[in-house]
Amino acid sequence: MAEAVTEASFREEASDFLEANAKLRVDEVIAWGEGSDKVGLFAERSREQELADVEESKRWRQKVFDAGFGWITGPRQYGGRELPAGHERLWQSLQARYDTPSSAPFGIGLGMVAPTILAHATPDVKDAYLRALYRGEIIGCQLFSEPGAGSDLASLQTRAERDGDEWIVNGQKVWTSGAQYSDIGEIICRTDPNLPKHKGLTGFVVNMHAPGVEVRPLRQMTGGASFNEVFFNDVRVPDDHRLGDVNQGWSVALTTLMNERAAIGGGSAGVAGIGPGRLMDLVNHLGRAGDPVLRQQLADIWIHANVARYTNLRAMEKIKAGQLPGPEMSIAKLSMTNNLRRISGFLTSALGLRLTADTGEWGTYAWSELILGVPGVRVAGGTDEVMKNIVGERVLGLPKEPPVAASG
Ligand SMILES: Cc1cc2nc3c(=O)[nH]c(=O)nc-3n(C[C@H](O)[C@H](O)[C@H](O)COP(=O)(O)OP(=O)(O)OC[C@H]3O[C@@H](n4cnc5c(N)ncnc54)[C@H](O)[C@@H]3O)c2cc1C
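This section reports on the structure supplied with the text. Every chain is numbered independently, its residues counted from 1 as its sequence is written. Where local features are concerned, this predicted model is filtered to residues with pLDDT of at least 70; where side-chain atom pairs are given and counted, the filter is 80 or more; whole-chain, interface and lining totals use all residues. As a rule here, side-chain values come from all non-hydrogen atoms in the structure, and water together with hydrogens is ignored.

**Notes on the overall build of the protein chain**
What counts here: Runs of E in the DSSP output that reach at least two residues are strands. Runs of H or I that reach at least four are helices, and both are numbered from the N terminus. Burial classes follow relative accessibility: with a 1.4 Å probe on protein chains only, a residue under 20% of its type's maximum area counts as buried, one over 50% as exposed, and anything between as partly exposed. Contacts were defined at the residue level, with two residues in contact if any of their heavy atoms lie within 4.5 Å. With residues, only the protein chains shown are counted as cover, and all accessible areas are computed by Shrake-Rupley using a 1.4 Å probe.
What the protein chain contains, in helices and strands, is 11 helices and 10 strands. A buried classification covers 44% of the 408 residues belonging to the protein chain. For the protein chain, contacts bridging at least 24 residues in sequence account for 73% of all contacts bridging at least 6. Entry remark: accessible area of the protein chain is about 20,800 Å², with carbon and sulfur atoms responsible for 54%.

**Things to note about the environment of His 241**
Tracing the sequence through the fold places His 241 in the loop between β9 (227-238) and β10 (242-243). His 241 sits in the buried class, given a relative accessible area of 14%. Each residue touching His 241, except ones within four places of it in the same chain, is listed here: Val 125, Tyr 129, Gly 203, Phe 204 and Val 205.

**Side note on the site of the ligand**
To keep things clear, this is the line we draw: The nearness test applies per residue and asks whether one of its heavy atoms lies within 4 Å of the molecule or strand. Polar contact is defined as a pair of N or O atoms within 3.5 Å, subject to the rule that within protein one atom must be able to donate a hydrogen and the other to accept it, and that residues adjacent in sequence are counted only when both atoms are side-chain atoms.
Around the ligand, the surrounding shell holds 18 residues, and the nearest of these are Ser 151, Trp 175, Ser 177, Thr 383 and Glu 385. Take Phe 144: an N or O atom from its main chain is 3.0 Å from an oxygen atom of the ligand. Note that an oxygen atom of the ligand is positioned 2.6 Å from one of the side-chain N or O atoms of Thr 383. Taking 970 Å² as the accessible area of the ligand by itself, protein coverage stands at 67%.

**Overview of the packing of aromatic side chains**
Quick reminder of the rule: Side-chain rings of Phe, Tyr and Trp (the six-membered ring for Trp) are treated as a pair once their centres are within 6.5 Å; stacked means planes under 30 degrees apart, edge-to-face means over 60, and tilted covers the remaining angles. Counted as over-ring charges are cases with an Arg CZ or a Lys NZ within 6 Å of the ring centre that also lie within 35 degrees of the ring normal.
This model, assessed by the stated rule, comprises nine aromatic pairs. Aromatic side chains Phe 10 and Phe 69 sit 5.7 Å apart centroid to centroid with 75 degrees between the ring planes, which places their arrangement in the edge-to-face category. Of this pair, Phe 10 sits in helix α1 (residues 7-21) while Phe 69 sits in the loop between α2 (47-66) and α3 (85-95), and the two are 59 residues apart along the sequence. Note on accessibility: Phe 10 and Phe 69 belong to one class, buried. Consider the rings of Trp 71 and Tyr 134, whose centres lie 3.7 Å apart with planes at 5 degrees: the pair is stacked. Separated by 63 residues along the polypeptide, Trp 71 in the loop between α2 and α3 and Tyr 134 in helix α5 (residues 123-134) bring together distant segments of the chain. Look at Trp 71 and you get buried, because its relative accessible area is 8%. Within the aromatic cluster, the residues linked to one another by ring pairs are Phe 10, Phe 17, Trp 60, Phe 69 and Trp 91. One cation-aromatic arrangement involves Arg 216 over Phe 231; the distance from NZ or CZ to the ring centre is 4.1 Å.

**A closer look at a nonpolar patch on the surface**
Which entries qualify depends on this criterion: To count toward a patch, a residue needs a relative accessible area over 30% and no salt bridge; like charges are then connected within 9 Å, while nonpolar side chains (Val, Leu, Ile, Met, Phe, Trp, Tyr) are connected within 5 Å. Each reported salt bridge corresponds to a side-chain nitrogen of Lys or Arg within 4 Å of a carboxyl oxygen of Asp or Glu.
Among the surface-exposed residues, Trp 302, Ile 303 and Val 307 lie close enough to one another that they form a single nonpolar patch of about 310 Å² accessible area. For Val 307, the location among the structural elements is in helix α8 (residues 292-320).

**Re the packing of helix α9 (residues 327-351) against helix α11 (residues 384-395)**
Formally: For helices, the fitted axis covers only the stretch in contact; all axes are lines through C-alpha atoms, and the angles between them, taken along N-to-C directions, range from 0 to 180 degrees. Each angle is binned into one of four classes, with values under 35 degrees roughly parallel, values over 145 roughly antiparallel, values of 65 to 115 roughly perpendicular, and all other values oblique. Left-handed describes a crossing in which the near helix is turned anticlockwise from the far one by less than a right angle; the clockwise case is right-handed. For this classification, Asp, Glu, Lys and Arg are treated as charged, while Ala, Val, Leu, Ile, Met, Phe, Trp, Tyr, Cys and Pro are nonpolar and the rest, including Gly, are polar.
Two elements in contact, α9 and α11, have axes whose closest approach is 9 Å; the angle formed by their N-to-C orientations is 135 degrees. In terms of their interaxial angle, α9 and α11 are classed as oblique. In the crossing of α9 with α11, the sense of the turn from one axis to the other is left-handed. Contacts from Pro 327, Ser 330, Ile 331, Lys 333, Leu 334, Thr 337 and Arg 341 in α9 reach Asp 384, Met 387, Lys 388, Ile 390, Val 391, Arg 394 and Val 395 in α11. Taken together, the residues of the contact of α9 with α11 break down into seven nonpolar, two polar and five charged.

**A look at unusual backbone geometry**
With a phi close to 55 degrees, Glu 82 is a non-glycine residue in the positive phi region. With respect to the helices and strands, the residue Glu 82 is situated in the loop between α2 and α3. The exposure class of Glu 82 is partly exposed, given its relative accessible area of 47%. One non-glycine residue with positive phi stands out, namely Trp 175, at about 65 degrees. Exposure remark for Trp 175: the relative accessible area of 55% places this residue in the exposed category.

**Some points on helix α7 (residues 276-285)**
Using the following cut-off: By arc we mean the arc of the directions from the helix axis to the C-beta atoms, nothing more.
Regarding α7, the residues found buried are Leu 279, Leu 282 and Val 283. Looking down the long axis of α7, one finds its buried residues gathered within 95 degrees of arc, a one-sided arrangement. Positive phi appears at Gly 287, one or two residues downstream of α7, with a value of about 70 degrees.

**Some words on the nonpolar core**
What counts, and what does not: Only buried Ala, Val, Leu, Ile, Met, Phe, Trp, Tyr and Cys residues count toward a nonpolar core, and they belong to the same one when joined by side-chain atoms within 4.5 Å.
Within the largest apolar cluster, 32 residues are counted, with the highest numbers of intra-cluster contacts made by Ile 117, Tyr 129 and Leu 133. By residue number, the principal contributor to this core is α5, which donates six residues. Apart from the residues lying within four places of it in its own chain, the contact partners of Tyr 129 are Ile 117, Ile 138, Ile 184, Val 205 and His 241. Counting residues in hydrophobic clusters, the runner-up holds 22 residues, among them Val 283, Leu 298, Ala 350 and Leu 370.

**Digging into the pattern of salt bridges**
As enumerated under the stated definition, the model contains 21 salt bridges in all. Among the charged side chains, a salt-bridge network with shared partners connects Arg 45, Arg 47, Glu 50 and Asp 53.

**Comments concerning the packing of α7 against α9**
At their nearest, the axes of α7 and α9 sit 11 Å apart, and the two run at 15 degrees to each other. Classified by the angle between their axes, α7 and α9 sit roughly parallel to one another. Crossing of α7 against α9: the hand is left-handed. Within the contact between the two elements, α7 uses Leu 279, Leu 282 and Val 283 and α9 uses Ile 343, Phe 346, Leu 347, Ala 350 and Leu 351. Its residues assigned to classes, the contact of α7 with α9 shows eight nonpolar, no polar and no charged.

As C-alpha cells, then:
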C-alpha cells in the first residue's frame, strides 16, 4: 500500500521542488521615484511579449505537473494525486513565496472550463483534454457572452445544428478573455429555438483552431487587447464533444459560473493587490499627509480592505468544511469592486489634473491605467448590479425583481 502523503511530508516534498527549481521572491520595495511605476488591472503588453509570457508560463506549469503539483486534488486517471484541498492550499501558499511565471493564462481554463469538462464531458473528451489542460500543454477559454447576451446569458443566439455525428455552429461571441492564445473553448449554443430560452441550450468543447473560427481582438481603453470577438462560421464540432445532454446546457453553464464566482471572489483579497502603503507614499510625496479628506479616504480603504479579507476567509472556511459558498462569493466580488472605486476616488482627489496629462512625473499619471481598468472589473464575471440582486434576494431575503417586459 502506498504511504499516506501527510501535510508534513507534502510540505517537505513541495519545498524541495521549489527550492531546486525557483528563486525566493524578493518583495519589491518601491522607493519613491525608483523602478517602474506601472499599476494596472489588465495586462497591457504587445502580442509578442504576451506570447513569450504565455510560453514561459506553460513551461513552468509542465515542470510543476510532472513533479506532482499540477492537479493535487484531481483524479489519478488524469494525472491528479487525489489529495485533500488542504494540500492544494499549502502548495499555493508555498509557491507564492517564490518568483515563478504567472499562472494567469490558465485562470479560466483551469478555474472554470476543466471543472465543467470533469463534470459533464464524455470519457474521450476527458481523456483528450484534462491532463493537457492541467499540464499547461493547452489553454481553454469561456465562450458565453454575446452582443445581446451578458447578464441575461440565456438569451444567447449562437446556433448549433445537428448534422449526423457532428454539430454545425454559427454565430458570434464577445469579450472572450484569452481567446487569442486558447486551444479549446467551452461554448454554449442554442440547439432548439422553439423551447423556452433556458431550455434550448447545449454546451460543447470547441477546437479554437478549427476551420471557421475567427478571433478578432478588442482593444481596451488602457491600450492592451485582452479580450476578443469570436466568430463561428459553419464550425464543425463532433457530437462526442458535447457537454451533457442535448438542451441541458443551462446546468452546464451554471457549473462553470459557480466556479467562476469562486475563482474571482476567492482571489480578490479586497483591493486586488494594491496596498495602502503605496497610497500613503503618494500623499507623502504630494505633501498632503495632513489633508483631512485624504486621511479619511485612506482610512476607509484600509477598513474596507480588511472587512473584505475577513469575508473571504469566512467563505474559504466554508469550502474547507465541505460546504458550497454561494452568495459569499458575490459579496466578495462586490467588496473588491467597491474598494477599487474607493481607491479611484482617493486617487482622483489626490492627483487631480495630474491624472489627465503625462508630464513624466513618476508615480502620478501612471495611476490612470488603474482607474481606467476599474469599470471592466465591475462588469467581468457578473456586474455589480447583478451581484447586488443576488445578495438582496439570497442573503437579505428581499422579494425578487419583477421580470422586465420585452421592449417593442
Ligand atoms: C474584463 C472582462 C472579461 C470578460 N471575459 C469574458 C469571457 O472570458 N467569456 C465570456 O463569455 N464573457 C466575458 N466577459 C463578459 C461578461 O460576462 C459580461 O460583460 C457581463 O456578463 C455583462 O454582460 P453585458 O456586457 O452584456 O452587459 P449587460 O448584461 O447588457 O448589462 C448592462 C448594464 O445593465 C445592468 N443590468 C443587467 N441586468 C440587470 C438586472 N437584472 N438588474 C439590474 N441591472 C442589470 C448591468 O449591471 C449593466 O450595468 C468579460 C467581461 C469583462 C468586462
